[in-house]
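# Notes for the structure review
Residues per chain, in single letters:
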Amino acid sequence: MTNKILAIFLICSIIISGGFRKPIVEADNATTSVEVGNTVPAFTSGQEPHESPVSATSTPTNVGDSVTFKATATDANNDQWKLLICSSNTVNATSCAATTYCTSALTDSGSEASCSRTALVGDTEIVNWYGFACDSVGCSAESHKTDDSGPPFHVNHRPVFTVFSDDSPKDPNATVTWSTTSSDPDTLGSDYVQLYVCKTNAFSTSTGCIGGEWCHATSTSNPTCNTTTPRPDGDYDSYGFVIDNHNFASNDTAQGTNSTMTVSNVAPSISADSIYLLDTDGSGSLTLLNERGETSGFTVTFVVKDDNSCKNISNGNEISSALINVRMSEISQANCTASGNYNPNNCYPDAYASWNPSCAASSTVNDCTGDTDTDVGWACTFPLQYHADPTVAGTPKAAYNWVSAVKATDDNNADTGLVDSTTYSNEMDKFLAYDLSTTTLAYGTVSPNNDSSEKTISVLATGNVGLDEMLSGTDMCTDYPTCSGNTIAVGQQKYNLTSGKGWADGSSVALSTSPTEAELDCAKTTVTESPASASDYWYLRVPSGQAVGTYTGQNTIEGKVDNETYGS
């Protein structure tokens, strides 16, 4: 608009007439007026509209975040002004001709104005913008800084993540792989997606998994990653998270879902050469100690290997139980497993209810150090009856030995099967033990020059060998053991191994003060409740003229391993 100023000048004239008169001066007021035109604001040099922070290819603005536009402008009329950010470089009066991205509040001339715009899902990667400084009348020409903070601003969209899965179940210490259907919808720059598989449902875009990570991987699309499975069998939480190269997380359905990794249970195993059959003191041949009863404390030790670890997923014992069968090697493993196979002489199967071995994990045998350790030691203690067959040299079963078969079962009821000890066996030692049916040999009343009736003493085999015996005695006297008075000589007593022979029979043997072997041939006991036995038959002849009195003495019966039948 062109403004004109109209000036009216008064021309004063002085009229001089004849004669002098005092002049008369008069003044009038002139009214001034002007119409000041509007000047639109102008951006201050160097402070044209710019983004803060800079939104560029390398630093785009994530959907949901805001871009702030800032500028400083001066209004020649000193009017307040506003910053207008538009999608096109055209305005209608003081409004964007197309889409308005943001408008600042009115700001004093010479001051900075700012406004923000949130990046939207529907935005393209590149969003062009144009900045205007506007007062109430009009706007400046479009302007922006000429450096890299100018248009356009860049929008980073969330990665797509729709499928998350794994290829388990897998065996322990195998490779499990998690797969995704995921991608980055953006194409500008070096866009890629990152997959994190976490042990808990907690994730930070800046630091990754919170609470432990299984694996992570990067790819332009559909990243996969893998890890070595833990050893303990069971289900392991595995949460999938996808972010892009700007640490912007997906919010699709698969984000944070659990693709459970399953580790399969595998059966344990036992190496035959780890099985030891031990005496009660841990060394030497098996030695029975209790006649006519059980000897406890024998031990079978072995090592169980389980690829699922010696610890389960709850840090308990992976191996839950074990059993043993103990036998003499003359008996096959197949014939010493059922309850009906039980024979106290040579076969002790776990299935026999009245035999009670006790099995437990043993750190002394082999310590379980944690869930990466596959080996654990076990020890089973057990009793043996007093007549279990000996196998040492000189016994009928010397060609054999004692062995054990073991089985271990894990907490999923998978077992090793029976494993026979083929490398380490043991010998059963001889156990010489015996008892007498009576400790009194009473001949009753016998007249001089007469024989007593037959008296019997039975010898019982209460160990694991057959018996002979060593016999000796003392004189019988009225003041035993001093024997300073009347005496019946020891040889007046005779013994026979056959009943009914009598004192005078040629097969009857006179007792001596020196131990003399008698071939008793008492069999080895084979029935626990019925010890084998053999008898001696005794006779006394009172000499003619023997003084009346009560005579007492002592006979000694000492058991001896039957050399011919049961070894020396």
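Here is what the cut-offs are and how they apply
- Residues numbered from 1 in each chain as written.
- Predicted model: local features only at pLDDT ≥ 70, side-chain atom pairs only at ≥ 80, totals over all residues.
- Heavy atoms only, no water.
- Helix = DSSP H or I, 4+ residues; strand = E, 2+ residues; numbered from the N terminus.
- Rg over C-alpha atoms; globule rule 2.2 N^0.38 Å.
- Buried < 20%, exposed > 50% of the residue type's maximum accessible area, 1.4 Å probe, protein only.
- Contact = heavy atoms within 4.5 Å.
- Areas by Shrake-Rupley, 256 points an atom, 1.4 Å probe, with all protein chains shown as cover.
- Pairing = 2+ DSSP bridges.
- Axes fitted to C-alpha atoms, helices over the stretch in contact; angles between N-to-C directions.
- Core = buried A, V, L, I, M, F, W, Y, C linked by side-chain atoms within 4.5 Å.
- 1 Å grid on protein atoms, 1.4 Å probe; cavity = no way out; pocket = protein on both sides within 12 Å on 5 of 7 lines; lining within 4 Å.
- Points joined across faces, edges and corners; volume = space filled by probe spheres on them.
- Nonpolar A, V, L, I, M, F, W, Y, C, P; charged D, E, K, R; others polar.
- Salt bridge = Lys/Arg side-chain N within 4 Å of Asp/Glu carboxyl O.
- Disulfide = S-S within 2.5 Å.
- Phe/Tyr/Trp six-rings, centres within 6.5 Å; stacked < 30°, edge-to-face > 60°.
- Lys NZ or Arg CZ within 6 Å of the ring centre and 35° of its normal.

### Considering the overall build of the chain
For the chain, the helix and strand inventory stands at one helix and 42 strands. Expected size for 568 residues packed as a compact globule is a radius of gyration near 24 Å; at 57 Å, the chain overshoots this value by more than 25%. Dimensions of the chain, computed from C-alpha atoms along their principal axes, come out at roughly 225 × 50 × 30 Å. Scored against the burial criterion, the 568 residues of the chain give a buried share of 44%. Across the chain, contacts joining residues at least 24 apart in sequence account for 72% of those joining residues at least 6 apart. In the form shown here, the chain has an accessible surface area of approximately 27,900 Å², with 47% of it arising from carbon and sulfur atoms.

### Considering the sheet that holds strand 11 (residues 130-134)
By way of backbone hydrogen bonds, the strands of a sheet pair with one another, either parallel or antiparallel. Read from one edge of the open sheet, three strands run 8-5-11, paired in antiparallel fashion. Each edge of the open sheet carries a strand with a single partner, namely strand 8 (100-103) and strand 11. Sheet twist, expressed as the mean angle between neighbouring strand axes with direction ignored, is 20 degrees. With five bridges joining them, strand 5 (residues 82-86) and strand 11 adopt antiparallel strand pairing. Bridge pairing in strand 11 places Lys82 opposite Cys134.

### Some points on the nonpolar core
Residues Val300, Phe302, Ile324, Val326, Phe382 and Trp402 are the most contacted members of the largest nonpolar core, which totals 33 residues. Every element with two or more residues in this core is listed here: strand 25 (294-305), strand 26 (319-328), strand 29 (375-385) and strand 30 (402-410). If we ignore the near neighbours within four places in the chain, the residues touching Phe302 are Ile270, Ser274, Ile275, Ala322, Ile324, Val365, Val376, Gly377, Trp378, Cys380 and Val406. Core analysis: the next-biggest nonpolar cluster, separate from the first, contains 24 residues, Val459, Leu467, Val490 and Leu520 among them.

### As for the environment of Val176
Mapped onto the elements of the fold, Val176 is located in strand 14 (residues 175-183). We classify Val176 as buried; its relative accessible area is 0%. Counting along the chain gives 51 residues from Val176 to Thr227, while the straight-line C-alpha distance between them is 5.7 Å. The contacts of Val176, once residues within four sequence positions are left out, are Asp166, Asp167, Ser168, Lys170, Cys225, Asn226, Thr227, Thr229 and Met261.

### Let's talk about the layout of surface pockets
Of the pockets and cavities examined, the largest pocket occupies roughly 650 Å³. Around the largest pocket, the lining is made up of 29 residues, and of these Leu441, Tyr443, Met476, Leu540 and Tyr551 lie nearest the centre. Listed by contribution, the elements that provide at least two residues to the lining of the largest pocket are strand 41 (533-542) and strand 42 (555-561). The greatest single-element share of the lining of the largest pocket, amounting to three residues, is contributed by strand 42. Looking at the lining of the largest pocket residue by residue, the class counts come to 15 nonpolar, 14 polar and no charged.

### Observations concerning the pattern of salt bridges
Evaluation of the coordinates by the stated rule reveals eight salt bridges. Across the pair Asp123 and Arg117 runs a salt bridge, and its minimum N-O distance is 2.5 Å. Ionic pairing is found between Asp307 and Arg231, a salt bridge with its closest N-O pair at 4.0 Å. A residue pair is termed long-range when its members are at least 10 positions apart, and Asp307 in the loop between strand 25 and strand 26 and Arg231 in the loop between strand 19 (225-228) and strand 20 (234-236) qualify at 76 residues. Given a relative accessible area of 37%, Asp307 falls into the partly exposed group. Classification of Arg231 as buried rests on a relative accessible area of 18%.

### A short note on the state of the cysteines
As used here, a disulfide is simply a covalent bond connecting the sulfur atoms of two cysteines. Counting across every chain of the model gives nine disulfides. Paired by a disulfide, Cys310 and Cys368 hold their sulfur atoms 1.9 Å apart. Every disulfide takes its handedness from the sign of the S-S torsion; for Cys310 and Cys368 that torsion is 80 degrees, giving right-handed. Separated by 58 residues along the polypeptide, Cys310 in the loop between strand 25 and strand 26 and Cys368 in the loop between strand 28 (358-361) and strand 29 bring together distant segments of the chain.

### A closer look at empty space enclosed by the protein
Rolled over the atoms, a probe with the dimensions of a water molecule shows which regions are left empty. The final tally for this structure, using the stated rule, is one cavity of 30 Å³ or more. Within this model, the largest cavity holds a volume of roughly 80 Å³. In terms of lining residues, the largest cavity is bounded by Ala56, Thr57, Pro60, Glu125, His154, Val155, Asn156, Asp186, Leu188, Asp191 and His246. Of the residues in the lining of the largest cavity, the class split is four nonpolar, four polar and three charged.

### Here's the deal with the environment of Glu558
Checked against the element boundaries, Glu558 lands in strand 42. Note on Glu558: relative accessible area 41%, which makes it partly exposed. On a C-alpha basis, the gap between Glu558 and Ser499 in space is 20 Å, while along the polypeptide they are 59 residues apart. If we ignore the near neighbours within four places in the chain, the residues touching Glu558 are Tyr434, Asp468, Glu469 and Met470.

### Re the sheet that holds strand 12 (residues 153-156)
Read across the sheet, three strands follow the order 3-12-10 without closing on themselves; strand pairing throughout is mixed. On the outer flanks of this sheet lie strand 3 (61-62) and strand 10 (126-127), each paired with one strand and no other. Sheet analysis places strand 10 next to strand 12, joined by two bridges and oriented antiparallel. Among the inter-strand pairings, Ile126 is bridged to a residue of strand 12, identified as His154.

### Concerning the packing of aromatic side chains
The final tally for this structure, using the stated rule, is 16 aromatic pairs. Ring pairs connect the aromatic residues Phe298, Tyr342, Tyr348, Tyr352, Trp355, Phe382 and Trp402, which therefore count as one cluster. One Lys or Arg, Lys199, reaches over the ring of Trp214 and ends 4.5 Å from the middle of that ring. In this structure, Lys494 is placed above the aromatic ring of Trp503, and the distance from its NZ or CZ to the ring centre is 3.9 Å.

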